[in-house]
Amino acid sequence: MTSIDIQEEHELEAGRQLFAKPCVFIAAANNLEALPDMQRPEVAFAGRSNVGKSSLVNALTGRRMLARTSQTPGRTRQLIFFNLADRLDLVDLPGYGYASAPKTDIKAWTKLTRQFLAGRQSLQRVFLLIDSRRGIGSADEEVISLLNDTAVSFAVVLTKTDKLKMLELNKIVTDTEQKTAKNVAAFPKIWVTSSEKAHGIKELRAHIAGLALEQLHQEQ
Ligand SMILES: Nc1nc2c(ncn2[C@@H]2O[C@H](COP(=O)(O)OP(=O)(O)OP(=O)(O)O)[C@@H](O)[C@H]2O)c(=O)[nH]1
Ligand SMILES: [Mg+2]
């Protein structure tokens, strides 16, 4: 499989319909006790500070101000939960790998994020966002090994692809696919996106709608 597989029209339509439905904020947690009850399947957006997690949540839901975005790395300091159409929750995670926030802060939020990633039963898929200009770095490798060890299924999403020329993009897509394929918990396909230009967004919506549907079938 490659990242440019074309999705079926009905899958894209299911994605469009799901993400056209209401998406509402339900909780912001900065400690384990504050996590909301596990009510629906969850998909989480993880990645380095500033990689574009909040922007991607906004692009997917078509709401520019749903998740708070910022020029300042380390802006999202809590785990933020959004209920999408009572079907599944989107979780915007704090970023990792940002060095100049106060050390105690970093420790607290890294610990919480790790605990969440490793121990949340309702977590169906983690989208691991990678800046297309940087590729997979050592901080990402650490998170990937955590996900492998805890058997949390994850898929890699390249972000900010509008910043690259076609040749550069092709190279990073190939590199990232090769690196991703080595991991047991990784989804075989990677997603190539730009929240700014809305590239790859409808395909990712379709994929998430597919996950929600899978869950529904399992419950029946
Ligand atoms: N050119 C371009 N810029 C983007 C894109 N996505 C996000 N950005 C910019 O990158 C910066 C960080 O975006 P955020 O969405 O706040 O990143 P984040 O991963 O949520 O950051 P933290 O919450 O700090 O971990 C902002 O200035 C965004 O405007 C994109 O697709 N293209
Ligand atoms: Mg954020």
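Keep in mind the model is a prediction, meaning the values are calculated, not measured.

S.K.: Residue-level account of the sheet that holds strand β6 (residues 154-159), with values.
M.R.: Sheet architecture is open: 7 strands sit in the order β1-β3-β4-β2-β5-β6-β7, paired in mixed fashion. Only two strands of the sheet have a single neighbouring strand rather than two, namely β1 (23-29) and β7 (191-192). Taken together, the 4 bridges between strand β2 (residues 42-47) and strand β4 (residues 88-92) define a ladder with parallel strand orientation. Bridged to A44 within β4 is V91. This element, helix α4 (residues 138-149), spans β2, β5 (123-131) and β6 of the sheet and lies at about 165° to β5.

S.K.: I'd love a proper account of helix α2 (residues 53-61), names of residues and values included.
M.R.: Because each turn of an α-helix spans 3.6 residues, side chains separated by three or four positions end up pointing in the same direction. With 8 of its 9 residues buried, α2 lies for the most part within the structure. For α2, the set of buried residues is K53, S54, S55, L56, V57, A59, L60 and T61. G62 sits one or two positions beyond α2 and adopts a positive phi of about 65°.

S.K.: Tell me about unusual backbone geometry, residues and numbers included.
M.R.: Notably, A85 is not glycine yet its phi reads approximately 55°, a positive angle. Position of A85 among the secondary structure elements: in the loop between β3 (79-84) and β4. Among the residues examined, A85 registers 16 C-beta atoms within 10 Å and is labelled partly exposed. At D86, a residue that is not glycine, the phi angle is positive and equals roughly 60°. With 11 C-beta atoms counted inside 10 Å, the residue D86 sits in the exposed group.

S.K.: Please give an account of the pairing of β3 that cites residues and values.
M.R.: Among the 6 residues that make up β3, 5 are buried, leaving the element largely enclosed by the rest of the structure. Sheet analysis places β1 next to β3, joined by 6 bridges and oriented antiparallel. Bridging from a neighbouring strand, F25 pairs with F82 of β3. With 5 bridges connecting them, β3 and β4 associate as antiparallel partners. Considered in β4, the bridge of F82 is made with L90. Between the antiparallel neighbours β3 and β4 lie 3 residues, among them A85 with a positive phi of about 55°.

S.K.: Account for the environment of T61, naming residues and giving values.
M.R.: Take T61: it is sitting in helix α2. On the basis of neighbour count, T61 is assigned to the buried category, with 21 C-beta atoms found within 10 Å. Along the primary structure T61 and P22 are separated by 39 residues, whereas in three dimensions their C-alpha atoms are 8.7 Å apart. Apart from residues no more than four positions distant in its own chain, T61 is found in contact with F19, C23 and L66.

What counts and how
- Residues numbered from 1 in each chain as written.
- Chains lettered and ligands numbered in written order.
- Predicted model: local features only at pLDDT ≥ 70, side-chain atom pairs only at ≥ 80, totals over all residues.
- Pairing = 2+ DSSP bridges.
- Helix = DSSP H or I, 4+ residues; strand = E, 2+ residues; numbered from the N terminus.
- Contact = placed C-beta atoms within 7 Å.
- Axes fitted to C-alpha atoms, helices over the stretch in contact; angles between N-to-C directions.
- Buried ≥ 20, exposed ≤ 12 C-beta atoms within 10 Å, placed from the backbone.

That is the geometry; function is a separate question.
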